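Structural features, examined
Here is what each chain is made of, one letter per residue.
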Amino acid sequence: PPGTPAPPPPPGVLTVPGGAGGAVLGGLQPWSRYRLQVQVFNGRGAGPPSAEIRFHTPEGGERPP
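Residues numbered from 1 in each chain as written. Predicted model: local features only at pLDDT ≥ 70, side-chain atom pairs only at ≥ 80, totals over all residues. Heavy atoms only, no water.

An unreviewed UniProt entry annotates the protein as NGCA protein originating from Cettia cetti.

Structure representation (structure tokens):
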């Protein structure tokens, strides 16, 4: 209903305002693999998610766990 605040995003979700030119993902761990998808939403609802982007963070620490 109008005036009802949106629920908080689930863990692992980063919400970025529409006018933002980019975003920084924090809390990534060294020697870890990640998957990322982008999904746009507005007053008309959510759009389809982007293709999955896979990446890893090899640097950090002396060796992988």
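**Description of the overall build of the protein**
Of the regular secondary structure elements, the protein holds zero helices and four strands. Starting at the N terminus and walking to the C terminus, you meet the elements of the protein as β-β-β-β. Counting the 65 residues in the protein, one finds 3% classified as buried. Sequence-distant contacts, at least 24 apart, represent 32% of the contacts inside the protein between residues at least 6 apart. In the form shown here, the protein has an accessible surface area of approximately 6000 Å², with 59% of it arising from carbon and sulfur atoms. (Helix = DSSP H or I, 4+ residues; strand = E, 2+ residues; numbered from the N terminus. Buried < 20%, exposed > 50% of the residue type's maximum accessible area, 1.4 Å probe, protein only. Contact = heavy atoms within 4.5 Å. Areas by Shrake-Rupley, 256 points an atom, 1.4 Å probe, with all protein chains shown as cover.)

**Here we look at the pattern of salt bridges**
Oppositely charged side chains can pair when the atoms bearing their charge come close. This model, assessed by the stated rule, comprises two salt bridges. For Arg 54, the salt bridge identified is with Glu 52, shortest N-O distance 2.8 Å. (Salt bridge = Lys/Arg side-chain N within 4 Å of Asp/Glu carboxyl O.)

**Topic: the packing of aromatic side chains**
Applying the stated criterion to the full structure yields one aromatic pair. Considering the side-chain rings of Tyr 34 and Phe 55, the 5.5 Å spacing of their centres and the 20° angle between planes classify their relative orientation as stacked. Note that Tyr 34 is positioned in strand S1 (residues 32-36) and Phe 55 in strand S4 (residues 53-57), a separation of 21 residues in sequence. Given the relative accessible area of 22%, Tyr 34 is considered partly exposed. Residue classification places Phe 55 among the partly exposed positions, given a relative accessible area of 26%. (Phe/Tyr/Trp six-rings, centres within 6.5 Å; stacked < 30°, edge-to-face > 60°.)

**Focus on the side chain of Ser 32**
For Ser 32, the location among the structural elements is in strand S1. Under the relative-accessibility criterion, Ser 32 is labelled buried at 18%. A polar side-chain atom of Ser 32 sits 3.2 Å from the main-chain carbonyl oxygen of Pro 30. Setting aside residues no more than four positions away along its own chain, Ser 32 makes contact with Phe 55, His 56 and Thr 57. (Polar contact = N/O pair within 3.5 Å; in protein donor to acceptor, adjacent residues only side chain to side chain.)

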